[in-house]
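# Commentary on secondary and tertiary structure
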Amino acid sequence: MSTSQYLKVTSRNVLLPSADPQPATITINRTSGKIVSIELCYLGDSENLHWRNYCDPNIQVLDVGDEHILPGLVDAHVHLNEPGRTDWEGFWTGTRAAASGGITTVVDMPLNSIPPTTTVENLETKRKSAQGQCWTDVGFWGGVIPGNQKDLKPLVACGVKGFKCFLIESGVEEFPCVSEHDLRGHMKELEHEPTVLLFHAELESSPDFTCSHSSANPTLYETFLASRPEDLEVNAIALITRLQEEYPLLRCHIVHLSASPALGIIRAAKKKGLRLTVETCFHYLCLSADNIPNGHPEFKCCPPIRNETNCDQLWKALLDGDIDCVVSDHSPCVLELKKVEEGDIMAAWGGINSLGLGLSLLWTEGKKPRRGATLSQIVEWMSKRTAEHAGLDAVKGSLAGWS
């Protein structure tokens, strides 16, 4: 291992802010881990070859040639289920998976750990569990559940990046969903805080909605798709934007948007100037319900993967700026809960495991001529905007010198 104080990484393809990949050299202080300078030149070019013979013991030069140097990616929607459900995925394995795919920061959701991150005490329990196990930087979202309004401001003071709530049952009993009445109390508590409220945006029109699908074949993907129609997302986002009119200072964020019919409401809200941001996920942009085989619960997630036309509309919205960023919503579980042997999609845990695979997935799909996404755009969606969303943009999301 080198003992030099500084590392110079040089490449013909460095992705700097507001630019296409270009020749550059980045100098990093090994002690602080910070970038101290960026020079717009590639040290491997003939006019700079004197660096190969430069023998300053305090400087190591790493020439990566044509390889791309990108800012560390920020995945702002990850379920690391420790403590309580560590066998589903914990900090040790989850952050290693993230690092393998260029993700240097993950922001952990307030569920499915036990306890959930709904109080300061529970946050400290989670932090203690993470100590000594993380291969990336880790931030934490807090949780909004019925009755925890008075826990919110203390959680902000203790550093949570924002709060997540469900408008439909979450799937774990320790994290119940909130009603419109609950939300008004929570939004009033948060409206003057430097934070954001995240919504799992599915809302049933009546309590008996799910009963109509109980007799259908549970191994058919169409059965599951019919049980979580687009209207659930449309209903939820209509409610969220209506509440934003009452609490305009509080930024609201739609997690894992899958239903393109909700885009009209989103566009109208943004046009009004409401503080609304939106994410979608790799699986909604790279997979289609048209190609999902029956009896394969590994494709189940909530909200569901929809058809190819819907996927095309999500891509258009992403390229147009109506969708702000892309995340994994990595939500693993133990094998028996996925019901793979039975092929029972309806009974299986809903969640797709893709932590660390996102850049490869999005680049493979995005560079297709029908999509037309550039590497710069993909990194913006996966790094710059996710860092901004989680309030980390002062130190994450772009390659820049530290001051």
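Look up a bit, the structure's there.
So, a few notes on the structure that sits alongside this text.

Rules of the game
Residues numbered from 1 in each chain as written. Predicted model: local features only at pLDDT ≥ 70, side-chain atom pairs only at ≥ 80, totals over all residues. Heavy atoms only, no water. Salt bridge = Lys/Arg side-chain N within 4 Å of Asp/Glu carboxyl O. Helix = DSSP H or I, 4+ residues; strand = E, 2+ residues; numbered from the N terminus. Buried < 20%, exposed > 50% of the residue type's maximum accessible area, 1.4 Å probe, protein only. Pairing = 2+ DSSP bridges. Axes fitted to C-alpha atoms, helices over the stretch in contact; angles between N-to-C directions. Contact = heavy atoms within 4.5 Å. Parallel < 35°, antiparallel > 145°, perpendicular 65-115°, else oblique. Left-handed = near helix turned anticlockwise from the far one by under 90°. Nonpolar A, V, L, I, M, F, W, Y, C, P; charged D, E, K, R; others polar.

## Brief notes about the pattern of salt bridges
It is possible for side chains of opposite charge to pair when their charged atoms get near one another. Evaluation of the coordinates by the stated rule reveals 24 salt bridges. Taking the shortest distance from any N to any O, the salt bridge between Arg184 and Glu246 comes out at 2.3 Å. Taken together, the positions of Arg184 in helix α4 (residues 180–190) and Glu246 in helix α6 (residues 230–246) put the pair 62 residues apart, joining distant regions of the chain. Judged by relative accessible area, Glu246 falls into the partly exposed class, the value being 38%. When salt bridges with common partners are traced through the structure, they connect Glu308, Asp312, Glu365, Lys368, Arg370 and Arg371 into a single cluster.

## Structural notes on the sheet that holds strand β13 (residues 276–281)
Taken in spatial order, the six strands make up an open sheet running β9-β10-β11-β12-β13-β14, and their pairing is parallel. Each end of this open sheet is capped by a strand with a single partner; those strands are β9 (142–143) and β14 (325–327). Where strand β12 (residues 251–254) lies against β13, three bridges are found, and the strand directions are parallel. Of the residues in β13, the one forming a bridge with Cys252 is Leu276.

## Observations concerning the sheet that holds strand β7 (residues 103–108)
Ordered by their spatial adjacency, three strands build an open sheet running β6-β7-β8, and the pairing between neighbours is parallel. Each end of this open sheet is capped by a strand with a single partner; those strands are β6 (73–78) and β8 (137–140). For this sheet, the mean inter-axis angle between neighbouring strands, taken without regard to orientation, is 20°. In this structure, β6 lies alongside β7, joined through four bridges in parallel fashion. The partner of Val74 across the bridge, within β7, is Thr105. In the packing of helix α1 (residues 91–100) onto the sheet, contacts are made with β7 and β8, and the angle to β7 comes to roughly 135°.

## Describing the packing of α6 against helix α7 (residues 263–272)
Relative orientation of the contacting elements α6 and α7 amounts to 15°, with a least axis distance of 10 Å. What the angle tells us is that α6 and α7 run roughly parallel. Every pair of crossing elements has a handedness; the one defined by α6 and α7 is left-handed. Across from Val234, Ile237, Ala238, Thr241 and Glu245 in α6, the residues of α7 making contact are Ile265, Ile266, Ala269 and Lys272. Its residues assigned to classes, the contact of α6 with α7 shows six nonpolar, one polar and two charged.

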